[in-house]
Amino acid sequence: MSWRKTIDHIVNPEVHTRTSRAYDLIMLLAIAAGIIPLMFRGQSTFFWALEVGASLCFIVDYILRWCTADYHSERSQLGAFLIYPFTPLAIIDLLSILPIFHLLNPTFRVTRVYRLMRILRIFRVIRYYEPLKIVLAVIERQRRTLWTVLVLALFYIFITALIMFNAEEEINPATGQLLFENFFDAFYWAACTLTTVGYGDLYPISHIGRVISIISSMVGIAVIALPSGIITAGYMDELSRRNEKKEETKQ
């Protein structure tokens, strides 16, 4: 077995071994080390050490995954190496590494951007936590259906907001102004109603507005339930498929 294949079995295992689990644990600890300093306003030598250690782990992980990118691509070896830096998870990995340049040279710091980039590190957990990897695989497989549901939801929000914006022309007693001063207010209200969040900062006060709100809430529950059902069904199918693959590997 080549050294690249050995590395691939560690960083991208189809069946976990002790070595791959140990590698995942190290990377999860590195992610935690990179996130902990963001929970505090001040900086210290200890936080600096955590940042350096975490960044070095991320750099090594990025290089190892890049070196073995062709094992998980349908493209040619050269094509896989060229396209890997532009894949979604690779972009997240790279952005999570860039904040180390602030430690090397403070002039790289641009307002709070470097801190926000460090927050992206939490998304690296997807690589090392099996249930999240399954959910990501389901989303990838069902992306067309989920995009259709998203477009349907946005269309429904737009229509509901348009209806409410023209139907609700009452004055808000608290402000003495129109309840929906602009279309964005109506769009915001429609999105909150669709998701059944209901912050309570904007709500209709006329009878016709309340009727529209009732209908919007009832339909919103059905629309929001669609992606949940799709992902749940896909999750069970993907889990069964992976279990069958593991059984075949053992045999």
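Residues numbered from 1 in each chain as written. Predicted model: local features only at pLDDT ≥ 70, side-chain atom pairs only at ≥ 80, totals over all residues. Heavy atoms only, no water.

A. Structural detail: the packing of helix α10 (residues 143–167) against helix α11 (residues 183–194). Between α10 and α11, the shortest axis-to-axis distance is 8 Å and the interhelical angle comes to 125°. Of the possible angle classes, the one that applies to α10 and α11 is oblique. Along this stretch, α10 crosses α11, giving a crossing that reads as right-handed. Between α10, through Ala153, Tyr156, Ile157, Phe158, Thr160, Ala161, Leu162, Met164 and Phe165, and α11, the contact on the second element is made entirely by Phe183, Ala186, Phe187, Trp189, Ala190, Ala191 and Leu194. Looking at side-chain class alone, the contact of α10 with α11 contains 15 nonpolar, one polar and no charged residues. (Axes fitted to C-alpha atoms, helices over the stretch in contact; angles between N-to-C directions. Helix = DSSP H or I, 4+ residues; strand = E, 2+ residues; numbered from the N terminus. Parallel < 35°, antiparallel > 145°, perpendicular 65-115°, else oblique. Left-handed = near helix turned anticlockwise from the far one by under 90°. Contact = heavy atoms within 4.5 Å. Nonpolar A, V, L, I, M, F, W, Y, C, P; charged D, E, K, R; others polar.)

B. Spotlight on helix α2 (residues 18–35). Over its 18 residues, α2 runs 26 Å from end to end, which matches the ideal 26 Å to within 8%, given 1.5 Å per residue. All of the buried residues in α2 are Ser20, Tyr23, Asp24, Met27, Ala30, Ile31, Ala33, Gly34 and Ile35. (Expected span 1.5 Å × (residues − 1). Buried < 20%, exposed > 50% of the residue type's maximum accessible area, 1.4 Å probe, protein only.)

C. View of the layout of surface pockets. Its volume calculated, the largest pocket comes out at about 1900 Å³. Every residue lining the largest pocket is counted, 43 residues in all, and those nearest its centre are Asn12, His72, Leu89, Lys133 and Arg242. Every element with two or more residues in the lining of the largest pocket is listed here: α2, α4 (77–83), α5 (88–97), α8 (125–128), α9 (130–141) and α12 (207–250). Ranked by residue count, the leading element in the lining of the largest pocket is α9, at seven residues. Here the residues of the lining of the largest pocket sort into 19 nonpolar, seven polar and 17 charged. (1 Å grid on protein atoms, 1.4 Å probe; cavity = no way out; pocket = protein on both sides within 12 Å on 5 of 7 lines; lining within 4 Å. Points joined across faces, edges and corners; volume = space filled by probe spheres on them.)

D. Structural detail: a nonpolar patch on the surface. Taken together, the side chains of Ile36, Met39 and Phe40 present a nonpolar region at the surface, about 300 Å² in accessible area. Within the element layout of this structure, Met39 appears in the loop between α2 and α3 (45–67). (Patch = residues over 30% accessible without salt bridge, like charges linked within 9 Å, V, L, I, M, F, W, Y side chains within 5 Å. Areas by Shrake-Rupley, 256 points an atom, 1.4 Å probe, with all protein chains shown as cover. Salt bridge = Lys/Arg side-chain N within 4 Å of Asp/Glu carboxyl O.)

E. Up close: the nonpolar core. Core analysis: the biggest nonpolar cluster contains 18 residues, and Tyr23, Met27, Ile31, Phe58, Tyr62, Tyr84 and Tyr128 have the highest contact counts within it. Among the secondary structure elements, those contributing two or more residues to this core are α1 (3–11), α2, α3 and α5. The element contributing the most residues to this core is α2, with six residues. Each residue touching Tyr23, except ones within four places of it in the same chain, is listed here: Ile10, Val11, Asp61, Leu64 and Tyr128. If you look at the next biggest cluster of nonpolar residues, it comprises 14 residues, including Ala153, Ala190, Ile212 and Val223. (Core = buried A, V, L, I, M, F, W, Y, C linked by side-chain atoms within 4.5 Å.)

F. The arrangement of the environment of Tyr235 in detail. Position of Tyr235 among the secondary structure elements: in helix α12. Judged by its relative accessible area of 22%, Tyr235 falls in the partly exposed class. Between the alpha carbons of Tyr235 and Leu136 there is a distance of 9.4 Å; along the sequence they are 99 residues apart. Once residues lying within four places of it in the same chain are set aside, the contact partners of Tyr235 are Pro131, Ile134, Val135 and Val138.

G. Up close: the pattern of salt bridges. Following the criterion strictly, the structure yields two salt bridges and no others. Arg4 is the partner of Asp70 in a salt bridge, and the nearest nitrogen-oxygen pair spans 2.8 Å. Here Asp70 is found in the loop between α3 and α4, whereas its partner Arg4 is found in helix α1, with 66 residues between them in sequence. Judged by relative accessible area, which is 16%, Arg4 ranks as buried.

H. Inspection of α9 at higher detail. Between its terminal C-alpha atoms α9 stretches 17 Å, which fits the 16 Å expected from twelve residues at 1.5 Å a residue. Every buried residue of α9 is listed here: Ile134, Ala137 and Val138. The arc enclosing the buried residues of α9, seen along the axis, measures out at 100°, which places them on a common side. (Arc of directions from axis to C-beta.)

I. Representation of the packing of aromatic side chains in the model. Following the criterion strictly, the structure yields seven aromatic pairs and no others. Plain terms: the ring middles of Phe46 and Phe47 are 6.0 Å apart, the flat faces sit at 50° to each other, and that makes the pair tilted. Seen from their ring centres, Phe183 and Phe187 are 6.4 Å apart, and the 50° between their planes marks the pair as tilted. Of this pair, Phe183 and Phe187 both sit in helix α11, four residues apart, which is roughly one turn of that helix. Residue classification places Phe183 among the partly exposed residues on the basis of a relative accessible area of 26%. Site record: aromatic cluster; members linked through ring pairs are Phe158, Phe165, Phe183 and Phe187. Across from the ring centre of Tyr71, 4.4 Å away, lies the NZ or CZ of Lys5, which sits over that ring. (Phe/Tyr/Trp six-rings, centres within 6.5 Å; stacked < 30°, edge-to-face > 60°. Lys NZ or Arg CZ within 6 Å of the ring centre and 35° of its normal.)

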